[in-house]
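Each chain is listed here by its residues.
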Amino acid sequence: MTGYLITVEGPDGSGKSTQAHLLADHLGALYTREPGGTELGEKLRDMVLDPNGEGLSDRAEALMIAAARAQHVEEVVRPAIEQGKNVVSDRFIESSVAYQGHGRGLGPEEIFDISIFATQSLKADLIVLIDVDAPLAANRRGKNLDRIEKAGDDFHSRVMSAYREMASEDPERWIVVDGSGTVAEVSERVIDQVQVRLGKYEKD
Ligand code: TYD
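Remember, predicted model here, so these are calculated numbers, not experimental data.

The rules behind each value
Residues numbered from 1 in each chain as written. Predicted model: local features only at pLDDT ≥ 70, side-chain atom pairs only at ≥ 80, totals over all residues. Heavy atoms only, no water. Near = heavy atom within 4 Å. Areas by Shrake-Rupley, 256 points an atom, 1.4 Å probe, with all protein chains shown as cover. Helix = DSSP H or I, 4+ residues; strand = E, 2+ residues; numbered from the N terminus. Nonpolar A, V, L, I, M, F, W, Y, C, P; charged D, E, K, R; others polar. Expected span 1.5 Å × (residues − 1). Contact = heavy atoms within 4.5 Å. Polar contact = N/O pair within 3.5 Å; in protein donor to acceptor, adjacent residues only side chain to side chain.

1. Observations regarding the site of the ligand
Near the ligand there are 16 residues, and of these D12, R45, R91, S96 and Q100 occur at the shortest range. Isolated, the ligand exposes 550 Å² of accessible area, and the fraction of that covered by the protein chains is 86%. Counting residues per element, the shell around the ligand draws most heavily on helix α4 (residues 93-103), at four residues. Residues of the shell around the ligand, tallied by class, amount to five nonpolar, four polar and seven charged.

Have a look at this one:
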């Protein structure tokens, strides 16, 4: 039996990385992240998020993230799930659709297609959205912002709307969790809902 690929999504400042770690620990799953998860991916991440990298074009950004994803799937994610291990990825395809497709305005379909090329059609089995409103997210983001966190309020509100839209269009695959409250409260919501879904979901 192959393992599950569970991804955790949300806007910057949603607390999603903390929740992804806690979920992976709870499930005994492999935690990994995007962009990153491999040596190449971490180098690309540094370049994409460099707060001084103002000259990077939107299309170059999208392709660098896709390149990181291709390497991540081939080197880390696919081998793990093929060995029956569950994987929790802190961001995956839907980050690109939300940030590059909607946030940057490059088009959700085009960006989805580039990701699918990168992953050789591997998609998440389950996607957890940590849903927070804009003021809470901005507050949690703090002051030391990376290149994408600096993109502005309109950009971040397009990202959040895109996530909510994707989740409402595919409720079988998405779990939407209220991201307000303490780390422990949110984590309990995430773990409870994932357990319910995995219980219902039999993989070949
Ligand atoms: P994030 O996962 O929020 O890490 P941290 O918690 O350390 O800030 O940072 C990754 C950033 O990369 C985030 O701003 C979203 C962006 N990103 C995209 O724009 N597209 C993508 O496909 C991915 C995976 C990330």
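Additional details are given in the paragraphs that follow.
2. So, helix α5 (residues 108-119)
Here α5 spans 16 Å end to end across twelve residues, near enough to the 16 Å set by a 1.5 Å rise per residue. Buried-residue contacts for α5 involve α3 (58-82) and α4. Just downstream of α5 lies Q120, where phi reads positive at about 50°.

3. Considering the environment of Y163
Inspection of the secondary structure assignment puts Y163 in helix α7 (residues 153-169). Considering only alpha carbons, one finds Y163 and I130, 33 residues apart in sequence, at a separation of 9.6 Å. With sequence-adjacent residues up to four places away left out, Y163 is seen in contact with E9, G10, P11, R91, E94, S95, A98, Y99, L129 and W174. Within the structure, Y163 has its side chain in polar contact with the side chain of E9 (distance 2.7 Å).

None of the figures reported here should be taken as evidence of function without further support.
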